[in-house]
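Commentary on secondary and tertiary structure
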Amino acid sequence: MSFYDTLQAETAPDRQAFLSIPLIQTAMQKGASRQLYVDFLTQAYHHVKHTFPLLAFASARTHDETYQDALVEYMEEERGHEKWILDDIRAFGGDVEAVRCGTPGQACQIMVGYTYYAIEWISPYAMLGSVHVLEGMSTMLADKAADAIQRSLAPPDESGFSYLRSHGALDIQHVAFFKSLVDEISAEARPVIISTSKIIYRLYGDIFRELSLRHPGLRDAA
């Protein structure tokens with residue numbers, strides 16, 4: 001069994017717990033209100049803007065040149081994606097400057113903060129746990145979520161969905177790259193990737209649990 005397959009198997013319960021969050025179930029089936037969608041995009045902005053710095057931070061903390069090269073490739077792909085989110089927020093009437101200058105929810109702050117901590121104090125390979133969860137869930141959910149939300153909001157055009165639409169397709173390529181990368185990672189680093197993935201599934205899920213508290217009307221699954 002490849003390490004990627006092992007990672008998938010070891011984190012399957014954590015992934016299922018994430019996918020079972022009622023708000024996610026409801027949004028995938030019924031879509032979302034404009035307020036909920038903008039709130040989701042706001043939290044996404046505040047963690048996506050850290051993707052490039054986190055990749056750079058991990059690159060600076062490792063002496064593994066193959067891993068560094070992979071991180072640099074990720075950096076080239078990920079830079080500026082938070083700007084797409086701001087464009088989507090603007091398309092749905094959100095206050096872009098308030099989002100840019102604002103503070104994310106506690107769950108988002110904790111997830112981002114833990115990732116910095118794990119890279120610095122546990123291992124730079126911890127970044128791969130974050131990548132595994134965020135890109136994996138994007139590949140699985142982004143296009144379906146965009147379809148459901150678009151049906152529920154019935155906007156006049158495709159504007160407002162660039163982040164979800166682009167990441168649904170883009171992250172399929174990234175997951176293939178990720179699989180080839182982690183299969184070459186040393187055995188010593190692999191437990192860190194698994195344990196970080198498990199933690200990030202929980203912390204990322206907490207962002208949606210927190211959203212559900214602010215939008216109780218969409219808390220229950222259909």
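All of the points below concern the structure found in this document. (Residues numbered from 1 in each chain as written. Predicted model: local features only at pLDDT ≥ 70, side-chain atom pairs only at ≥ 80, totals over all residues. Heavy atoms only, no water.)

Right, let's talk about the overall build of the protein for a bit. In terms of regular secondary structure, the protein is built from 12 helices and zero strands. For the protein, the α and β elements follow one another from N to C terminus as α-α-α-α-α-α-α-α-α-α-α-α. Taken over C-alpha atoms, the radius of gyration comes to 17 Å for the protein, in line with the 17 Å a tight globule of 222 residues would show. Here the C-alpha coordinates of the protein stretch approximately 50 × 35 × 30 Å along the principal axes. Counting only contacts in the protein whose residues sit at least 6 apart along the sequence, the fraction spanning at least 24 positions is 83%. For the protein, the exposed area adds up to about 10400 Å²; of that, 55% sits on carbon and sulfur atoms. Taken as two groups, the 19 positive and 29 negative side-chain charges of the protein have centres that lie 8 Å from each other. (Helix = DSSP H or I, 4+ residues; strand = E, 2+ residues; numbered from the N terminus. Rg over C-alpha atoms; globule rule 2.2 N^0.38 Å. Contact = heavy atoms within 4.5 Å. Areas by Shrake-Rupley, 256 points an atom, 1.4 Å probe, with all protein chains shown as cover. Lys, Arg positive; Asp, Glu negative; His and termini not counted. Charge placed at Lys NZ, Arg CZ, Asp CG, Glu CD.)

Looking at where Thr 42 falls in the secondary structure, it is placed in helix H4 (residues 34–48). Looking at Thr 42, the relative accessible area reads 14%, which means it is buried. Apart from residues no more than four positions distant in its own chain, Thr 42 is found in contact with Ile 89 and Val 99. (Buried < 20%, exposed > 50% of the residue type's maximum accessible area, 1.4 Å probe, protein only.)

Helix-helix packing is described using two parameters, namely the angle between the two axes and the distance between the axes. Remark: H4 packs on helix H9 (residues 106–121), axes separated minimally by 10 Å, with the N-to-C direction vectors making an angle of 20°. When the interaxial angle is binned, H4 and H9 end up roughly parallel. The way H4 lies across H9 gives a crossing that is right-handed. When H4 is examined against H9, the residues Gln 43, His 46 and His 47 are found in contact with a partner set consisting of Cys 108, Met 111 and Val 112. (Axes fitted to C-alpha atoms, helices over the stretch in contact; angles between N-to-C directions. Parallel < 35°, antiparallel > 145°, perpendicular 65-115°, else oblique. Left-handed = near helix turned anticlockwise from the far one by under 90°.)

A separate point is empty space enclosed by the protein. One pass over the full model with this rule turns up two cavities of 30 Å³ or more. The calculated volume of the largest cavity comes to roughly 680 Å³. Phe 40, His 47, Leu 134, Tyr 163 and Tyr 204 are the residues nearest the centre of the largest cavity, which is lined by 40 residues in total. Where the lining of the largest cavity is concerned, the elements lending two or more residues are helix H3 (22–30), H4, helix H5 (51–61), helix H6 (65–78), H9, helix H10 (126–153), helix H11 (162–182) and helix H12 (190–214). With 11 residues, H10 is the largest single contributor of residues to the lining of the largest cavity. When grouped by side-chain class, the residues that make up the lining of the largest cavity number 30 nonpolar, seven polar and three charged. The calculated volume of the second largest cavity comes to roughly 30 Å³. Taken together, Phe 40, Gln 43, Ala 44, His 47, Tyr 204 and Ile 207 make up the full set of residues lining the second largest cavity. (1 Å grid on protein atoms, 1.4 Å probe; cavity = no way out; pocket = protein on both sides within 12 Å on 5 of 7 lines; lining within 4 Å. Points joined across faces, edges and corners; volume = space filled by probe spheres on them. Nonpolar A, V, L, I, M, F, W, Y, C, P; charged D, E, K, R; others polar.)

Taken as a whole and assessed by the stated rule, the structure comprises zero disulfides. Free of any disulfide, Cys 101 has its nearest cysteine sulfur in Cys 108, 16 Å distant. Classification of Cys 101 as exposed rests on a relative accessible area of 62%. (Disulfide = S-S within 2.5 Å.)

What the rule picks out here adds up to 13 aromatic pairs. An aromatic cluster is present here, built from Phe 18, Phe 40, Tyr 201, Tyr 204 and Phe 208 joined pairwise through their rings. Cation over ring: Arg 79 sits above Phe 52, and NZ or CZ is 4.5 Å from the ring centre. (Phe/Tyr/Trp six-rings, centres within 6.5 Å; stacked < 30°, edge-to-face > 60°. Lys NZ or Arg CZ within 6 Å of the ring centre and 35° of its normal.)

Looking now at the environment of Leu 71. With respect to the helices and strands, Leu 71 occurs in helix H6. Residues Leu 71 and Phe 57, 14 residues apart in the sequence, show an inter-C-alpha distance of 9.7 Å. Not counting chain neighbours up to four residues away, the residues in contact with Leu 71 comprise Leu 55, Ala 58 and Ser 59.

Fair warning: the whole summary comes from geometry, so function is off the table for now.
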